[in-house]
Amino acid sequence: MRIKISAVATATAMFLGTLSTAANANLVITEYIEGSSSNKALEISNVGGSTIDLDANVYKLSLYFNGKTTVGKTETLSGTLDAGKSIVYHNSSAGDGFKVGTASEITWFNGDDAIVLTKDDAVIDRFGKLGEDPGSAWTDANNPDFSSANKTLRRKTSVTTGDTDAGAAFPSNDQWVVFDTDTSDGLGCTGESACSAEATPGLLLITEYVEGSSSNKAIEISNVGGTAIDLDANVYKLTLFGNGKTDPGNTETLTGTLEPGKSIVFHNASAADEFKVGSASTVTYFNGDDALVLTKDDVVIDRFGKRGEDPGSAWTDPNDANFSTANKTLRRKDNVTTGDTVAEADFPGANNQWAVFDVDTSDGLGCAGESACDGSVTPPEPEPETGPCTNCETLTPVADPTTFNAEIYYSDVLSGDFSNADELKNALSVIIAKDHKYLTYKQVWSTLTHADQDPDNDKNVIEIYTGASISKYDNQTSGSGAGKWNREHVWAKSHGFPSDTQWGYTDAHHLRPADPGINTARSNNDFGACSDTGEEVLFNGQGTGNYLDKTTDCWEPRDEVKGDVARMIMYMDTRYQGTDTATTNMPDLIAVDRLTTTAEDSEPLIGTLCTLYAWNKLDAIDSYEQNRNNQVYKYQGNRNPFIDRPELVQQVYGAACGDDPNPGLIVEGDIVTPESVNEGAAYTIDASEITAGEGVALTYKWEQIVGEEKTLVGDKAMLSLTAPMVKADEALNFILTISDGALETTKAVSLLVTNVPLTLDVTFAGNTQLTEGDETSITATVADAPEDTSYSWKQVSGNTAVFTATGLTLNVTAPSVSIDQVLVFELTATVDEESVSKSVSIEVKNTEETGWTKPDGAGSLGGLMTLLLPLMWWRRRQG
């Protein structure tokens, strides 16, 4: 059973998270309605300046009832949300005036319930105080009108970031404007005013660019906002930068007033008549490799092209073969509501904002938008196909499934010899990684329209959990998910790859169309057998065959796709082994045979392996899944081996799930072996206690492993050997193969051989009392010395003496010495590179020269000299 942390721990973790990991975002709660009866609604808005991709992270609204710290209801946000736009959730039983956006259980709040908005589980905004029940409502001591019950509250326009401390007192910093109960005219738009009373500010954009044949060139600037722009109140300029230069070229200064929806057009004086809209200007002296920059008081508010770059003949888009800044008419897409303010950024960038029209198209000059000014729409190129789904691009195939040959593709596996399942799995990983082409998350939309196409309706795709057929063009790109489909990560992306820069995030082999509501219900739960303990998930009021156990966080899909799910999870587990992380930015994904814990939600783990293994058998591969494999291969370049070669499932995963394709002999008992043995000593390893059942005769094969080599060393239950001589402690490794004649198993044994340090008993004989010039012979005797012992002598101290040495005999001539001293000689005995050294000392006496008399130490001078001589010697050394 999945381990759950307590409510207190959950609240504590969440509170601490807000202190250290709160995510800054321009997504905030902008309106809260708690009215009479069921008149309840909640509005979330993008108050920033750029579009938010809600699928790039996990954005959630969580409702906490009556001071609790466990989540009561959750709504996951998806799609994209443009700047200034809002998402509204309402109570399904509310009055018609409140039914803006999507009906949701997230609105089942009263005035004493808290709502928390998170991004990847980090708090980015909240309403109410998490963990507190205020009674009937939160109130404000500084504003008697404020109440979270029976009021409509709108976020003040000055608030541009969320309130990220969910455990702080509420309300804080006077962020809310209070309206009477049941006020609903502000739902669907940001700001403090009713939606009908608030106009968006004026916004100046470059909306059309014409680079046609000869001098047919024009540029259009439009006010796409809701109020007039006084162009004389600031300095608005349109500047041409030619051929990659950063110094301004021809410039036009804009003047007058530009009303909402109106445009200014500059054309080339030599253009054809149909292009002569607006004013003639030298700012149109551009070709496809020149940049245009629109500024307000010298600050960039929009641009066309990349300032400082010469692209050659034109800027192009690798994702749109039709796009070019030369010999085309380009119109700004209708959904663009903010300028492109980085003049040195790549152009047109990852999010191309331009619709493409044929060369010398002029019927859109003088009005903003993608349509011609008379209201007709000129179709862009290519003529028949504009993308397989809403805001989708047409993909270029990278492989041809009609010429695919499985024998060649999997040849390294089919001809390979693998000692275990992991080796086979690693070899498969190499094969399916080789030609894998990374898809962007946007390209996944297009891929799924091919891979999951309804066999009975080529305009539709099939949703994985509902089995419903839905129009390809109903993909959820923004707003409510009702009646739409989105992209389900079968291996939940939070389990190891939360970023779309990681290849697993966009790997189409495990991405499937799904109903957003069902997708939210599945969340990031593991797969398991929970139909007996969970509740059936409903779709449009009908059972789906999918089951969710909220206690264990277990999801069981409908029978028709159980095998599909199993083979997708096995693909991911095999594809991403952590061996090409530098390329894929992916960890080693692991399918485990259990439900993962809450603490492991961000780990690269998913369960339950052997349940999935059983589902693979229950739901065999069909033509739909085979076609899907072909279509993903066509656009992503690699394949799912468990669809192409079904037998590989057992070969890779069978042993782990009790279905070993190569079963081994089952035995009982242990091998008896000493923990260690001294070098040169005899020892035994005894396997005679091992049995395979009553009356079963066994055979044995002992092999010693040295590096990559194996040497047969015995064929009886008991192995008797002598430990080798070793220079240092060393482990001996053996493999015992036990067989009953049909099946076999192996056991490994390791034994430590202990090195015994070399010791020798050495004595010396000979005269060791010499005077200068005397000769002596010293003979060493070594007790119990091995036959191959070798000997060497060396002098280690004293005046250098003349000496010879043969074996154990040392001949020395005493050197001349100024004072009596000791000579030390060392004998080294060596056996198999181990050595023992012993030393002998020889005393050499100084011979007094004739005529020299030793001073009388008792006299005063003699005593003084005795004292002074060492001092004089020391001073001379110092000198």
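Just so you know, these numbers come straight off a predicted model, no measurement behind them.

About the criteria used
- Residues numbered from 1 in each chain as written.
- Predicted model: local features only at pLDDT ≥ 70, side-chain atom pairs only at ≥ 80, totals over all residues.
- Heavy atoms only, no water.
- Helix = DSSP H or I, 4+ residues; strand = E, 2+ residues; numbered from the N terminus.
- Rg over C-alpha atoms; globule rule 2.2 N^0.38 Å.
- Contact = heavy atoms within 4.5 Å.
- Areas by Shrake-Rupley, 256 points an atom, 1.4 Å probe, with all protein chains shown as cover.
- Lys, Arg positive; Asp, Glu negative; His and termini not counted.
- Charge placed at Lys NZ, Arg CZ, Asp CG, Glu CD.
- Pairing = 2+ DSSP bridges.
- Disulfide = S-S within 2.5 Å.
- Buried < 20%, exposed > 50% of the residue type's maximum accessible area, 1.4 Å probe, protein only.
- Salt bridge = Lys/Arg side-chain N within 4 Å of Asp/Glu carboxyl O.

**Notes on the overall build of the chain**
A count of helical and extended segments in the chain gives 13 helices and 54 strands. A compact globule built from 879 residues should have a C-alpha radius of gyration of about 29 Å, whereas the chain, at 43 Å, is more than 25% larger. Put simply, of all contacts in the chain between residues at least 6 apart along the chain, 65% involve residues at least 24 apart. Accessible area of the chain: about 41400 Å², with a carbon and sulfur share of 48%. One finds the centroid of the 62 positive side-chain charges in the chain at a distance of 4 Å from the centroid of its 130 negative side-chain charges.

**Considering the sheet that holds strand β13 (residues 151-155)**
Spatial strand order, β8-β7-β2-β1-β13-β14: 6 strands in an open sheet with mixed pairing. The outermost strands of the open sheet, each flanked by one partner alone, are β8 (102-103) and β14 (176-179).

**Brief notes about the state of the cysteines**
For the structure shown, the criterion picks out 5 disulfides. With its sulfur 1.9 Å from that of its partner, cysteine 389 forms a disulfide with cysteine 392. Classification of the bridge connecting cysteine 389 and cysteine 392 rests on its S-S torsion, roughly -100 degrees, and on that basis the disulfide is left-handed. Like cysteine 392, cysteine 389 is buried.

**What to know about the pattern of salt bridges**
According to the stated counting rule, one finds 36 salt bridges in the structure shown. Of the charged contacts, one joins arginine 331 and aspartate 363 as a salt bridge, the two residues approaching to 2.5 Å between their closest N and O atoms. Remark: aspartate 363 occurs in the loop between β28 (354-357) and α2 (406-409) and arginine 331 occurs in strand β27 (residues 328-332); sequence separation between them is 32 residues. For arginine 331, a relative accessible area of 0% puts it in the buried group. Its relative accessible area of 34% is what places aspartate 363 among the partly exposed residues. Among the salt bridges present, the one from arginine 645 reaches glutamate 647, with a minimum N-O distance of 2.8 Å. Using a relative accessible area of 18% as the deciding quantity, one classes arginine 645 as buried. Among the charged side chains, a network of salt bridges with common partners joins Asp452, Arg512, Asp564 and Arg628.

**Focus: the environment of threonine 722**
On the secondary structure map, threonine 722 appears in strand β44 (residues 718-722). Judged by its relative accessible area of 52%, threonine 722 falls in the exposed class. Residues threonine 722 and glycine 481, 241 residues apart in the sequence, show an inter-C-alpha distance of 76 Å. Aside from chain neighbours lying at most four places away, what touches threonine 722 is Gly680, Ala681, Ala682 and Tyr683.

Interpretation note: all reported values are geometric properties and have no functional meaning in isolation.
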